[in-house]
Structures are given as C-alpha cells and as structure tokens.
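One-letter residues, chain by chain:
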Amino acid sequence: MAYPSRVVPPPARWQGEAAHVGVADYAPEGSDVFMRLYYPTLSRPPRRGPLWVPSVHYAHGMAHFLVDFTNPKRRWWQKLLARAAYLVGYVSNTVFDTIPVTLDAPPRREKPMRLVVFSHGLAGTRNMYAALASALASQGYLVAAVEHRDGSASYTAIHGKHGVTHKPYVHTDGNFAWRLEQIGKRVAELDAAVAALSNDAPPRNAFPGSRLDVGTAFRGLVDASRLVAIGHSFGGATVVAAMATERPGATKTRVRTSVLLDPWTAPFGPCGAEDATHPLRAAAAAKVPTLVVNSHGWGADLTPMYSHATAPWVEAEVEGTKHQDFSDLGIRMPTVAAKIGMKGSVDAARFFDLKLGLIDAFLESADRADADETCASAARALVAQYADVRVAVKHR
C-alpha cells in the first residue's frame, strides 16, 4: 500500500464499511477532456495497483516543473542531476508506489453516485490527489479527476488519429494573461467532463488501452444534480471561475457545492469595490455553498467573495501546513517533501483525516434547509475533535 490503510478512509468521521475503489481513465469520444474516474466497486484491489506516476514521462514532467529544463540559465550539471533524480524516483515508484485501487473494475450499482469534479493545481495530474479521490470514492462518490491539457499539468498525453502528442508543463514566468487563458480552457474541460458523465449514456471511451466501457458501465449511475466541484491552488481558481460563469436558473448542470483548497486567485487581479464582474464577485452571486481549507498563512484574499456571498461559506486555516500538504506528496514521500520545503510540520495522516472530515461535514450540511447555521456549527464541532491541530475557523 503506497499510503497507510488507516488514511483511506479516515475513521474519525465516516462510519460503516468503506467500499473498495475502482479507477478508469476516460476520454469521452468527441471531446477534448481527459480524466481518471474514481468510484466504489465490489472488486478487491490486487496486490499491485496502478502506478501513482503512470510513466517516466510524468516523472520527467515533475522534474521539468521544478527545474525548467528549457531555462538557459540552468547549468548543465543541474539539469543532469535533476534527470538522474527523476529516473531514480521513477524506478522506485515502479517498485513501491502504487494506488490501492482496481483498474477498470466495474462500478457498484446499488444506487447513483454523487458526481465530484476535481481540478488539480500547477504540475498536478489525475493521480496527484489519489488519496483524496480514493477516500471520497470509498464512501460512494464518483470523482472525475481531470488531467488538464492547458499546459498546467506536469505532463499529459493526447492520443489522436496520428499518434500521441506529448504535452509537458509550460512555464509562463508570471504571465497572468496566459494564466487567465488557461483558466478558460480548464473551465471548458470541467464542463465537458460533467456533460459527458451526466449524459444518460456517457460517450464511448476513446482512451486507448482502457478495458472499461464507461458508456455502459455508468449508465444510470451518475447523480449530477448535486454536483460538487473541488480544486487545489490553480484548480481552486478554476472552480471559482466555473462558479462565476453560472447563474441560478441556468439550464446546464450547475455546481451545487464547492471546496477550495488553498485557492490561487492572483491571476484574477485585484477586485475593485464596484467590480461586480470580477470572478470572486461573480462566484459570490452564484449561490454556491463553499468550503475553503487553507494552509497556514496562505495569502489568497477572498474578501470580495465572502462579503458579497449569497450562500453559506466556511473557511478553515490549519496551522503547521504548507501548500503541497493538500496533494499526495506529504503522505507518499513525507521525508523528501519536508526536505524540499513542500511539507509542513503537521502529521500528514492527521491532517488528511481533518481535511476529509471537514469536506464530508460540509457536503452533508450544505444540502440542508438550515445550511447557514449547520455548515458553521458542523465545522466547529469537527475541529474541536482535533485538539492537537490548531485550526482557525471563520464563516458567514
């Protein structure tokens, strides 16, 4: 098991037996979106599940994100060391680092699964948040983890009629105009993912090598009427932008609840007092209950969204955490992540349990008629169970 079984699912909040988890890579025919589906299954996971780093291209992509092999200022020996490090890391990954799920397993059919779309941060992939996606799937959710093709993933592959197009991470050097273009592309990908999965008969799976007929396997099993959107960092900005494009009464499937993990909203620019079209203001008008979980000292200013909110919101800031603690890095390689400054002092399993408890409590409370009161009280009650972790909570 690549991460401790006690982490997936956390026992503190969720009760009952957790389902086994299946995954399937899905590229709906006729669209330009690629995702990994995480869902409950009756199939027990094999001794060796799918690799967390799917291929050496992904290992190279992560190293490229950290080092930027195209930067002429990088010395040859720096690039050589980075290449050696990712090759060693990938070999280690093929031996030890797998995900405890079953690839292409059929989903359970007892009842429809509530749909969750997940948007990764910069240099993320469809596997970067596998622990979170697997935990949610073990409790009955269908999680569509989109691997964005806008140049923000550490690597992705586009399979076309004329072969495979390799697309590594694109360094933008602080070009926020380009980041805004990427956000537009990302929102379109989330829309395409939801459209495909909310279809009565999801389109054929065009991803080569997949053995699961998604169109048949998930027919009648997807509940998109209570759509949840979750995003980390740049993915958080993507979810904000997705909410900002929606209006109550729209005919398309709407985001009903959102979860923002350390949202990186800097590309939106400052929000003027009268700027009602700013994404944070527009998202506030969409009447979407929102949970925000921030690492300690995360600098995103969500005041324009909070002060104009038309739905409940809760923010929890967790002391001793860092930005990458929301991904799998702190769970899978805590020593390495801490050495390179990507992990805080908080216990990774404890934070994982707290984070999932907050998400679960919020999703449950946001559906209630008295959500304004219950969202806040549920968050405070849950945080009180973690006396060893300091959490600052504020709410509407």
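Residues numbered from 1 in each chain as written. Predicted model: local features only at pLDDT ≥ 70, side-chain atom pairs only at ≥ 80, totals over all residues. Heavy atoms only, no water.

1. Here we look at the overall build of the chain
If you tally the helices and strands in the chain, you get 12 helices and 12 strands. The globule rule puts the C-alpha radius of gyration for 396 residues at 21 Å, and the 20 Å found for the chain is close to it. With respect to the three principal axes, the spread of C-alpha positions in the chain is 55 × 50 × 45 Å. Looking at the 396 residues of the chain, the share that counts as buried comes to 56%. A fraction of 75% describes how many contacts in the chain between residues 6 or more apart in sequence connect residues 24 or more apart. Within the structure as shown, the chain displays about 17,000 Å² of accessible surface, and the carbon and sulfur contribution to it stands at 55%. Charged side chains in the chain number 43 positive and 36 negative. The centres of these two groups are separated by 5 Å. (Helix = DSSP H or I, 4+ residues; strand = E, 2+ residues; numbered from the N terminus. Rg over C-alpha atoms; globule rule 2.2 N^0.38 Å. Buried < 20%, exposed > 50% of the residue type's maximum accessible area, 1.4 Å probe, protein only. Contact = heavy atoms within 4.5 Å. Areas by Shrake-Rupley, 256 points an atom, 1.4 Å probe, with all protein chains shown as cover. Lys, Arg positive; Asp, Glu negative; His and termini not counted. Charge placed at Lys NZ, Arg CZ, Asp CG, Glu CD.)

2. Here's the deal with the pairing of strand β9 (residues 257–261)
The buried count for β9 comes to five of five residues, which makes it a mostly enclosed element. Alternating residues of β9 divide into Thr257, Val259 and Leu261 and Ser258 and Leu260, and every residue in both groups is buried. Taken together, the five bridges between strand β8 (residues 222–232) and β9 define a ladder with parallel strand orientation. Following the sheet pairing, Ala229 is matched in β9 by Ser258. When β9 meets strand β10 (residues 290–295), the two strands line up parallel, connected through four bridges. Considered in β10, the bridge of Ser258 is made with Thr290. The parallel pair β9 and β10 is bridged by helix α7 (residues 279–284), and the resulting crossover is right-handed. (Pairing = 2+ DSSP bridges. Right-handed = clockwise from strand over helix to strand, strands pointing away.)

3. Notes on the environment of Leu212
Inspection of the secondary structure assignment puts Leu212 in the loop between α4 (176–198) and α5 (214–217). A relative accessible area of 9% places Leu212 in the buried class. Spatially, the C-alpha atom of Leu212 lies 8.9 Å from that of Leu103, the residues being 109 residues apart in sequence. Here Leu212 is in contact with Ala24, Tyr39, Asp104, Ala105, Pro106, Asn205, Ala217 and Phe218, once residues within four sequence places are set aside.

4. Examining the side chain of Ser152
Checked against the element boundaries, Ser152 lands in the loop between β5 (142–146) and β6 (155–160). Judged by relative accessible area, which is 0%, Ser152 ranks as buried. Looking at Ser152, its side chain comes within polar contact range of the side chain of Arg186, at 2.9 Å. Non-local contacts of Ser152, meaning those with residues more than four positions away in its chain, are made with His120, Gly121, Leu122, Ala123, Gly124, Tyr169, Gln182, Arg186 and Phe234. (Polar contact = N/O pair within 3.5 Å; in protein donor to acceptor, adjacent residues only side chain to side chain.)

5. What about unusual backbone geometry?
The phi dihedral of Asp68 is positive, around 60°, even though this residue is not glycine. Structurally, Asp68 is set in the loop between α1 (56–67) and α2 (76–96). Although it is not a glycine, Ser233 adopts a positive phi angle of roughly 60°. Structurally, Ser233 is set in the loop between β8 and α6 (234–244).

6. Section: the packing of α1 against α2
Remark: α1 packs on α2, axes separated minimally by 9 Å, with the N-to-C direction vectors making an angle of 140°. Between α1 and α2 the crossing geometry is right-handed. Of α2, the residues touching α1 (which contributes Val56, Ala59, His60, Ala63 and Val67) are Ala82, Arg83, Tyr86, Leu87 and Tyr90. (Axes fitted to C-alpha atoms, helices over the stretch in contact; angles between N-to-C directions. Left-handed = near helix turned anticlockwise from the far one by under 90°.)

7. Some words on the side chain of Arg179
Examined against the element boundaries, Arg179 turns out to sit in helix α4. This buried residue, Arg179, is left without a salt bridge; Asp150 holds the nearest opposite charge, at 6.2 Å. Those residues in contact with Arg179 that lie beyond four places of it in its chain are Leu122, Tyr169, Val170, Thr172, Phe234, Trp264 and Pro267. (Salt bridge = Lys/Arg side-chain N within 4 Å of Asp/Glu carboxyl O.)

8. Regarding the packing of helix α11 (residues 348–366) against helix α12 (residues 371–383)
Between α11 and α12, whose axes approach to 9 Å, the crossing angle comes to 160°. Here α12 runs roughly antiparallel to α11, going by the angle between their axes. The interaxial crossing formed by α11 with α12 has right-handed handedness. Together, Leu354, Gly357, Leu358, Ala361, Phe362, Ser365 and Ala366 of α11 and Ala371, Thr374, Cys375, Ala378, Ala379, Leu382 and Val383 of α12 make up the contact between the two elements. Classifying every residue of the contact of α11 with α12 gives 11 nonpolar, three polar and no charged. (Parallel < 35°, antiparallel > 145°, perpendicular 65-115°, else oblique. Nonpolar A, V, L, I, M, F, W, Y, C, P; charged D, E, K, R; others polar.)

9. Some points on the confidence of the model for the chain
Taken residue by residue, the chain gives an average pLDDT of 88. The fraction at 70 or more is 94%. Across the chain, β5 holds the top mean pLDDT of 98, while α2 sits lowest at 78. (pLDDT = per-residue confidence, 0-100.)

10. Thoughts on a nonpolar patch on the surface
There is a patch of nonpolar side chains on the surface, built from Trp76, Trp77, Leu80 and Leu81 and spanning about 510 Å² of accessible area. Among the secondary structure elements, Leu81 is positioned in helix α2. (Patch = residues over 30% accessible without salt bridge, like charges linked within 9 Å, V, L, I, M, F, W, Y side chains within 5 Å.)

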